[in-house]
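Residues per chain, in single letters:
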Amino acid sequence: MTYQDTVKWMFSQLPMYQKQGKSAYKVDLSNTILLAQHLNNPENKFKSIHVAGTNGKGSTSHMLASVLQESGYKVGLYTSPHLKDYRERIKINGKEISKQFVIQFIKRNKPFFETNSLSFFEMTVGLAFDYFAKQKVDIAVIEVGLGGRLDSTNIITPEVSVITNIGLDHVQFLGNTLESIANEKGGIIKSNIPVVIGETQNETKNVFKRIALVKKAKIIFADKIKSSKYDCDLKGAYQDKNIKTAVQSIRELQLKQYKISEEDIKYGLLNVVKNTGLLGRWQILKQSPKVICDTAHNREGLEIVLKQLQREKYKQLHIVFGVVNDKNLETIADLLPINAKYYLCKPNIPRGLDSNKLKLYFNDQNLISNTYNSVNEAYKKALENANSEDVVYVGGSTFVVAEII
């Protein structure tokens, strides 16, 4: 099989949350444990940092990887979903896994995957861990896919666990209160391993404290600690919280004798995109008109991004917007700027919400909108209509951003 055939097979044969939603969610770790044993437990052959959270876990993971790279370590980075190419999910020192490694891994293990009906995500985690072990990384930053307790990544024993924050997202799997979601994400807290919590929230802090107490894990609330201010090349206003979370996680590594200097932290945070290739976080694609895209897709993420958008100077705001079909639009309705022109589109995945259904909702909210047959058509029209003093924003879903980057 070619690389394209291999990836196509992975996408089509097996449940994949990115495309299908709830039907791809597994309720225990037995398959992942079985796969790890089949691969000779690669998760025990490298050190790691485990990063969970509703928002910010991707940015925080990339910041941590960048700082560790600046310190001279060989750093694995596992994140999801990808924007353009599957291989973005698995990197070492910012370089994507080779197509050949992906092809050979699937070829070698395909009978096992088919016999045991492994999910897309389980296979991908197995591939990442196998790659990091074989490439002998010094440390890998592992981002949780969904939740924490039952996520396929949760077979590692990290140097430090990180939980950025808790918001109401993926409630169909994780529960519909902040406490129940915190309980799921708190499942990555391990015995005697420090845990850094990015944001202190009244509804969740006691959940984390209780789990940490039972596990005898040191707990650090990053936003409660006074620390130096660091600049970062990731420019969203929301990155301030992620920077604090990343820095406190680095402090825990320093306590474990990792050699990371202040210079490494400074330059690591200033060169996240260069070091890791991160895309889609308050990314400015064009200057005249100014085009900004961001992968924020739930209330907590969009609230901060749309506030920042309102602070931009413009004559007219144009918003290219699409969502997935399990998105509760009620939770974001009050955040949508009423002074904008909306270009509604369906991201090109089975889970994408039809733009005409989205339009009915926008009509109810008295928002000015038109529908388009594709993300690219909507984006093209927004650019056509915008003059040099306008701002175009592209977002609502990771998958909308993926199509224009």
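Residues numbered from 1 in each chain as written. Predicted model: local features only at pLDDT ≥ 70, side-chain atom pairs only at ≥ 80, totals over all residues. Heavy atoms only, no water.

## Re the packing of aromatic side chains
Then, number 1: Overall, the coordinates contain 13 aromatic pairs when judged by the stated rule.
Then, number 2: Between the aromatic rings of tyrosine 86 and phenylalanine 120, the centroid separation amounts to 5.8 Å while the plane-to-plane angle is 70 degrees, which identifies the pairing as edge-to-face. Pair noted here: tyrosine 86 is in the loop between strand E2 (75-78) and strand E3 (90-92) and phenylalanine 120 is in helix H6 (residues 120-134), with a separation of 34 residues, a long-range link.
Then, number 3: Overall, the relative accessible area of 1% leaves phenylalanine 120 in the buried class.
Then, number 4: Centroid distance tyrosine 131 to phenylalanine 132: 6.2 Å. Interplanar angle 45 degrees. Geometry classified as tilted.
Then, number 5: Taken together, the ring pairs in this structure connect Phe46, Phe101, Phe129, Tyr131 and Phe132 into an aromatic cluster. (Phe/Tyr/Trp six-rings, centres within 6.5 Å; stacked < 30°, edge-to-face > 60°. Helix = DSSP H or I, 4+ residues; strand = E, 2+ residues; numbered from the N terminus. Buried < 20%, exposed > 50% of the residue type's maximum accessible area, 1.4 Å probe, protein only.)

## Describing the nonpolar core
Then, number 1: If you look at the biggest cluster of nonpolar residues, it comprises 37 residues, and the most contacted ones within it are Tyr86, Phe113 and Phe132.
Then, number 2: Secondary structure elements with two or more residues in this core: helix H1 (3-13), helix H3 (30-38), E3, helix H5 (99-115), H6 and strand E5 (139-143).
Then, number 3: No other element matches H6, which puts 10 residues into this core.
Then, number 4: Among residues more than four places away in sequence, those in contact with tyrosine 86 are Tyr3, Val7, Met10, Phe11, Val102, Phe120, Thr124 and Leu127.
Then, number 5: Ranked by size, the runner-up nonpolar core spans 31 residues in total, among them Val162, Tyr258, Leu269 and Val272. (Core = buried A, V, L, I, M, F, W, Y, C linked by side-chain atoms within 4.5 Å. Contact = heavy atoms within 4.5 Å.)

## Digging into helix H8 (residues 178-185)
Then, number 1: All of the buried residues along H8 are Leu178, Ile181, Ala182, Glu184 and Lys185. Taken end-on, H8 shows its buried residues confined to a sector of 160 degrees, consistent with a single buried face. (Arc of directions from axis to C-beta.)

## What to know about the sheet that holds strand E10 (residues 290-293)
Then, number 1: Ordered in space as E9-E10-E14-E11-E12-E13, the 6 strands form an open sheet in which the pairing is mixed. In the strand order of this sheet, the two ends are held by strand E9 (283-287) and strand E13 (368-371), each with one partner. Going across the sheet, the axis of each strand differs from the next one's by a mean of 20 degrees, ignoring polarity.
Then, number 2: With 4 bridges joining them, E9 and E10 adopt antiparallel strand pairing. Paired with glutamine 287 across the two strands is lysine 290, which belongs to E10.
Then, number 3: In this fold helix H13 (residues 299-310) packs onto E10, strand E11 (317-321) and strand E14 (391-395), with an angle of close to 170 degrees to the strand it touches most, E14.
Then, number 4: Packed on one face of the sheet, helix H15 (residues 375-385) meets E9, E10, E11, strand E12 (340-344) and E14 and runs near 175 degrees to E11. (Pairing = 2+ DSSP bridges. Axes fitted to C-alpha atoms, helices over the stretch in contact; angles between N-to-C directions.)

## Observations concerning the environment of phenylalanine 129
Then, number 1: Mapped onto the secondary structure, phenylalanine 129 falls in helix H6.
Then, number 2: When the C-alpha atoms of phenylalanine 129 and proline 42 are compared, they prove to be 5.6 Å apart, with 87 residues separating the residues in sequence.
Then, number 3: In this structure phenylalanine 129 touches Pro42, Glu43, Phe46, Ile142, Thr153, Ile155 and Ile156, once residues within four positions along its chain are discounted.

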